[in-house]
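Notes for the structure review
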Amino acid sequence: MKNIMKSIWFEIRHSKLMIRIYIVLVLFMALVGFLNTGASADLGTASTLVADDPTIAYEFSIFVVALVVGIICGEDYRDKVANYEVLSGHSRKSIFLARSLMGIITAAVLGTLLSFAPMITGIIKAGWGNELLLSDVIARQLLLFFPFLRLAAFLALLTFLIKNPYIMMAVGFVICMASGLLGGMLEHSKSVFISIFNMSLLTSYSGWQIYNLDPVKGIVKYSTYESSLSAELVIGTIVASLLMTGFYLFMGYALFRRDELN
């Protein structure tokens, strides 16, 4: 299993498609953060951006999760690498665990890192601001690792069924777009057992806004938000994610061990 993981890590470092798409998305999200913050009356600080647009932290990260899982878990169905690994004496369990764990952990880490890109460029351009506590937001976005992990495990299960990394990218794109279109609906969900709902809970901030008319500045917006994390949300996020990740891995192995690998 250790040797398989080493070979997978080598493949990851030399996967031009995955690396190029990830770099493009990092630059794109950084540009979003840069363009949507500033001194203009229509813009604001980085904390304003994070509070006003909750989906910005995870929308495109969902596509990254599908991209990484699809390539790591599904690419070998095209060149039959898994067949050679079985013939070399590796057990199906070791092959499955190596590919699944490398896929879902790498996907969750890269997705979490991407969620910080707009916030970082927003801080560089306009500062953090005072709408939210920076430490609370960092804690919330770090917790996104767990819903990403759960989503990655589910997508790995789909990959062992579909056996095509490009279809998995399309699936990730559809989920990504759906999360953006349904952003308003997701904010009202309180469930931690569905990964996208859990992401919405972690990135939504309750608060209020009022407006005032200034003879010089025009319409001035005043906002206040509650950014602290409840123990219930933290524990629910971690426990639900680990339980569902374990369930998806169990189901994935049940499929993989009966697969003819053709």
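Every value quoted in this text rests on a predicted model; they were computed, and no experiment measured them.

Right, let's get into the overall build of the protein. Looking only at helices and strands, one finds 14 helices and 2 strands in the protein. Counting across all 262 residues of the protein, residues that qualify as buried make up 48%. The contacts of the protein with a sequence gap of at least 6 include a subset with a gap of at least 24, amounting to 79%.

It is worth spelling out a nonpolar patch on the surface at this point. Taken together, the side chains of I123, L134, I138 and L142 present a nonpolar region at the surface, about 280 Å² in accessible area. At 3 residues, helix α9 (residues 134-143) tops the list of elements feeding residues into the nonpolar patch. With respect to the helices, strands and loops of the structure, L134 is situated in helix α9. Since its relative accessible area comes to 32%, L134 is described here as partly exposed.

Moving on to the pattern of salt bridges. Tallying each qualifying case throughout the model produces 1 salt bridge. The closest approach of N and O atoms between R99 and E11, which form a salt bridge, is 3.9 Å. With R99 in helix α7 (residues 92-115) and E11 in helix α1 (residues 2-13), this residue pair connects regions lying 88 residues apart in the sequence.

Before going further, it helps to examine the environment of T106. One can find T106 in helix α7. Of the residues examined, T106 reaches a relative accessible area of 12% and is grouped as buried. At 2.6 Å, the side chain of T106 forms a polar contact with the backbone oxygen of M102.

Turning to the nonpolar core, a few remarks are in order. In this structure, V65, V69 and L155 are the most contacted members of the largest nonpolar core, which totals 60 residues. Those elements giving two or more residues to this core turn out to be α1, α2 (16-35), α4 (59-74), α7, α10 (145-162), α11 (165-181), α13 (195-203) and α14 (231-256). The biggest single contributor to this core is α4, with 11 residues. Excluding anything up to four places from it in sequence, L155 contacts V65, A66, V69, M168, V171 and I175. Of all hydrophobic cores here, the second largest spans 10 residues; its members include A46, F116, Y205 and Y225.

Criteria and thresholds
- Residues numbered from 1 in each chain as written.
- Predicted model: local features only at pLDDT ≥ 70, side-chain atom pairs only at ≥ 80, totals over all residues.
- Heavy atoms only, no water.
- Helix = DSSP H or I, 4+ residues; strand = E, 2+ residues; numbered from the N terminus.
- Buried < 20%, exposed > 50% of the residue type's maximum accessible area, 1.4 Å probe, protein only.
- Contact = heavy atoms within 4.5 Å.
- Patch = residues over 30% accessible without salt bridge, like charges linked within 9 Å, V, L, I, M, F, W, Y side chains within 5 Å.
- Areas by Shrake-Rupley, 256 points an atom, 1.4 Å probe, with all protein chains shown as cover.
- Salt bridge = Lys/Arg side-chain N within 4 Å of Asp/Glu carboxyl O.
- Polar contact = N/O pair within 3.5 Å; in protein donor to acceptor, adjacent residues only side chain to side chain.
- Core = buried A, V, L, I, M, F, W, Y, C linked by side-chain atoms within 4.5 Å.

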